[in-house]
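In case you want the letters, here they are:
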Amino acid sequence: MVTATFDGETARRNAKTGILAMIGALGMLGLGYAAVPLYDLFCRVTGFGGTTQVASEAEANAAAAIGTTRDISIRFDASVSRDIPWEFRPSQPTDTVRIGQRDLATYVAKNNSSRPITGTATFNVEPSQAGVYFHKIQCFCFTEQTLEPGQEVNMPVLYYVDPAILDDEVIGDIEQITLSYTFHRAKEPVSSALDRSQ
């Protein structure tokens, strides 16, 4: 009789532990799937790791209305990963801009292969703390870019540096920000990859 009660309690405890373990495992699985979009959101909101911000026209107008008198140098950097046969470079290596005022930079990309290639650009700024103050209004990096064989294009970036950077105790007196892009081959649908291999 006592043994049956003990076994019943043990079975209930084991079942409860099993259910809690299953809930924990499902929660960890859910967090695993959510990690990438949550990390991306965190980077975009905080500028962590040199992630730049996306700004609206209204936000750009508000920044311009502040009317700072301080200039800052922007250095442009470009590279391509090994999986994409493109040339990619900034139209000019540096530019001096007024903080708060929008400015237009262009990059040049050329497809050196004999087939159309779609690329996607990753980006960051250095120093990484400047990411929260570097705002893009329009950018080629917002969408994938497809270049035909031998095609060369100019790719614009419309941006401004937020005047709030001047109040930052750590980088408020910074003289230069580097904007870097790296192009990678975009993931292709399985059908187009099969077509290419035939």
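It should be emphasised that the depicted structure is a prediction, and the values quoted were computed from it without experimental measurement.

Caption draft 1: Up close: the pairing of strand β9 (residues 152–161). Where burial is concerned, most of β9 is hidden: seven out of the ten residues are buried. Two strands pair when backbone bridges link them, and strand β5 (residues 103–111) and β9 are joined in this way by eight bridges, in the antiparallel orientation. When the sheet's bridge partners are listed, lysine 110 is paired in β9 with glutamate 152. Pairing of strand β7 (residues 134–139) with β9, which is carried by five bridges, proceeds in the antiparallel orientation. Directly across from phenylalanine 134, in β9, lies its bridge partner valine 161.

Caption draft 2: View of the state of the cysteines. Using the criterion set out here, one finds one disulfide in the structure. Shown here is the disulfide that connects cysteine 139 with cysteine 141, its sulfur atoms set 2.4 Å apart. Handedness of the cysteine 139-cysteine 141 disulfide follows from its S-S torsion of about 130°: it is right-handed. Given a relative accessible area of 9%, cysteine 139 falls into the buried group. We classify cysteine 141 as buried; its relative accessible area is 9%.

Caption draft 3: Expanded view of the environment of isoleucine 177. Turning to its location among the elements, isoleucine 177 is positioned in strand β10 (residues 176–185). Overall, isoleucine 177 belongs to the buried group, its relative accessible area being 0%. In sequence terms isoleucine 177 and serine 73 are 104 residues apart; their C-alpha atoms lie 6.4 Å from each other. Sequence-distant contacts of isoleucine 177, defined by excluding residues within four places in its chain, comprise Ile72, Ser73, Ile74, Arg75, Val125, Glu126, Ala130, Phe134, Val161 and Ile165.

Caption draft 4: How the structure looks around the sheet that holds strand β6 (residues 117–126). Read across the open sheet, the five strands follow the order β4-β2-β10-β6-β8; overall the sheet is mixed. What marks the edges here is a single partner per strand, and that holds for β4 (94–98) and β8 (145–147). Across the sheet, the axes of successive neighbouring strands diverge by a mean angle of 30°, strand direction being ignored. Inspection of the sheet shows strand β2 (residues 71–80) paired to β4 by five bridges, in the antiparallel sense. Pairing of isoleucine 74 across the sheet is with aspartate 95, part of β4.

Caption draft 5: Here's a closer look at the packing of aromatic side chains. Considering all chains together, one arrives at twelve aromatic pairs under this definition. Following the ring pairs from residue to residue traces out a cluster consisting of Phe76, Trp86, Phe88, Tyr107, Phe123, Phe134, Phe140, Tyr159, Tyr181 and Phe183.

Caption draft 6: Structural context of unusual backbone geometry. The omega torsion of the bond from glutamate 126 to proline 127 falls at -5°, within 30 degrees of zero and hence cis. Within the secondary structure, proline 127 sits in the loop between β6 and β7.

Caption draft 7: The pattern of salt bridges, seen in detail. Tallying each qualifying case throughout the model produces two salt bridges. For the salt bridge of arginine 102 with glutamate 57, the shortest nitrogen-to-oxygen distance reads 2.6 Å. Here arginine 102 is found in the loop between β4 and β5, whereas its partner glutamate 57 is found in helix α2 (residues 57–66), with 45 residues between them in sequence. Residue classification places arginine 102 among the partly exposed residues on the basis of a relative accessible area of 30%. With relative accessibility at 39%, the residue glutamate 57 sits in the partly exposed group. A salt bridge links aspartate 71 to arginine 98; the nearest nitrogen and oxygen atoms lie 2.6 Å apart. Of this pair, aspartate 71 sits in strand β2 while arginine 98 sits in strand β4, placing them 27 residues apart in sequence. The class for aspartate 71 is partly exposed, based on a relative accessible area of 37%.

Caption draft 8: Here's a closer look at the nonpolar core. Ranked by internal contacts, the top residues of the largest apolar core, which has 33 residues, are Ile74, Phe140, Ile177 and Tyr181. Counting residues per element, the ones that place at least two in this core are β2, β3 (86–90), β5, β6, β7, β9 and β10. For this core, the element with the highest residue contribution is β9, accounting for five residues. Ignoring any residue separated from it by four or fewer positions in sequence, one finds isoleucine 74 in contact with Pro93, Thr94, Asp95, Val97, Phe134, Tyr159, Val161 and Ile177.

So, how was this worked out
The residue numbers shown here count from 1 along each chain, following its written sequence. In keeping with the model being predicted, local features are shown solely for residues with a pLDDT of at least 70 and side-chain atom pairs are shown and tallied solely at 80 or more, while totals for entire chains, interfaces and linings include all residues. Only hydrogens and water are set aside; all other atoms, that is, all heavy atoms of the structure, feed into the side-chain values. Buried means the residue's accessible area, taken with a 1.4 Å probe over protein chains only, is under 20% of the maximum for its type, while exposed means over 50%, and partly exposed covers the values in between. Each helix corresponds to a stretch of at least 4 residues labelled H or I by DSSP, and each strand to a stretch of at least 2 residues labelled E; elements are numbered beginning at the N terminus. Any two strands with at least two DSSP-identified bridges between them are counted as paired. Pairs of cysteine sulfur atoms within 2.5 Å are what we label disulfides. Contact criterion: two residues are considered in contact whenever any of their non-hydrogen atoms come within 4.5 Å of each other. Angles here are taken between N-to-C directions and fall from 0 to 180 degrees, while the axes themselves are lines fitted to C-alpha atoms, restricted in helices to the stretch in contact. Each aromatic pair joins two rings of Phe, Tyr and Trp (for Trp, the six-membered one) with centres within 6.5 Å, and gets the label stacked for planes under 30 degrees apart, edge-to-face for over 60, and tilted for any other angle. The salt bridge criterion pairs a side-chain nitrogen of Lys or Arg with a carboxyl oxygen of Asp or Glu, the two atoms within 4 Å. Here, nonpolar core refers to any group of buried Ala, Val, Leu, Ile, Met, Phe, Trp, Tyr and Cys residues whose side-chain atoms link them within 4.5 Å.

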